[in-house]
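So the chains spell out like this:
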Amino acid sequence: MRIGHGYDAHVFSDACPLVLGGVTIPCEKGLLAHSDGDVVVHALCDALLGAMALGDMGFLFPNTANEFKHINSRILLRKVMQLVQDKGYQVVNVDITIVAEVPKLAPHIQAMRKHLAADMQVAMGAVNVKSTTTEGLGFVGRQEGIATHAVALIQ
Ligand code: MG
């Protein structure tokens, strides 16, 4: 068994949509990024890569490469899962914490779990997604962006 941790943060931009965990969320602002800005999937991918000691997303999918411009991050997650399978691992469970002051994420958590479980080919019971605010503290509290932590266990 191996464990990995991932962290990512993106800054808000005026351009919607906001995509988190593969779910398009109604919002006033999206997240600025080379890809679709799905900070949840990015943190998860880094956790899986971390568990395999395979570096990070920035190394595998450089933000200078045109092929990854505006890419649906779920495609990147499936690419990472191909590496998991190629290495002979399977996902035991993942736990994800989204740190966001806005928007309200509770209505979208189950859809995120469903998408991520499908992409990792595991049961929804192996995928936990939760969200928290920072009670107004820091860049999240000032509503400047969204951060996500992820932990992944593979065997
Ligand atoms: Mg990112």
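Structure first, text after, so check above.
In this text the structure is predicted, and so the values were computed from the model without any measurement.

**Student:** Talk me through the environment of Pro107; I want residue IDs and the actual numbers.
**Tutor:** With respect to the element layout, Pro107 can be found in the loop between strand 5 (91-99) and helix 4 (109-120). Sequence separation between Pro107 and Ile25 is 82 residues; the distance between their C-alpha atoms is 9.6 Å.

**Student:** Account for the environment of Met120, naming residues and giving values.
**Tutor:** Assignment of secondary structure puts Met120 in helix 4. When residues no more than four places from it in sequence are discounted, the contact partners of Met120 are Leu44, Leu48, Leu77, Met81, Val91, Val94 and Val127.

**Student:** Run through the pattern of salt bridges, naming residues and quoting values.
**Tutor:** Counted under the stated rule, the structure contains four salt bridges. In this structure, the salt-bridge partner of Asp119 is Arg74, at a minimum N-O distance of 2.7 Å. With Asp119 in helix 4 and Arg74 in helix 3 (residues 73-86), this pair connects stretches of sequence that are 45 residues apart. Among the salt bridges present, the one from Lys130 reaches Asp95, with a minimum N-O distance of 2.7 Å. Here the residue Lys130 occupies a position in strand 6 (residues 127-132), and Asp95 occupies one in strand 5, the gap between them amounting to 35 residues. What emerges from the salt-bridge pattern is a single network uniting Arg74, Arg78 and Asp119.

**Student:** Kindly report on the packing of helix 3 against helix 4, identifying the contributing residues and their values.
**Tutor:** Helices that pack against each other are described as a pair by the angle of their axes relative to one another and the distance between those axes. Interaxial distance between helix 3 and helix 4 falls to 9 Å at its minimum, and their mutual angle equals 35°. Pair helix 3 / helix 4 crosses with right-handed handedness. Contact residues: helix 3 offers Arg74, Leu77, Arg78 and Met81, while helix 4 offers His115, Leu116, Ala118, Asp119 and Met120. Taken together, the residues of the contact of helix 3 with helix 4 break down into five nonpolar, one polar and three charged.

Calculation criteria
- Residues numbered from 1 in each chain as written.
- Predicted model: local features only at pLDDT ≥ 70, side-chain atom pairs only at ≥ 80, totals over all residues.
- Heavy atoms only, no water.
- Helix = DSSP H or I, 4+ residues; strand = E, 2+ residues; numbered from the N terminus.
- Contact = heavy atoms within 4.5 Å.
- Salt bridge = Lys/Arg side-chain N within 4 Å of Asp/Glu carboxyl O.
- Axes fitted to C-alpha atoms, helices over the stretch in contact; angles between N-to-C directions.
- Left-handed = near helix turned anticlockwise from the far one by under 90°.
- Nonpolar A, V, L, I, M, F, W, Y, C, P; charged D, E, K, R; others polar.

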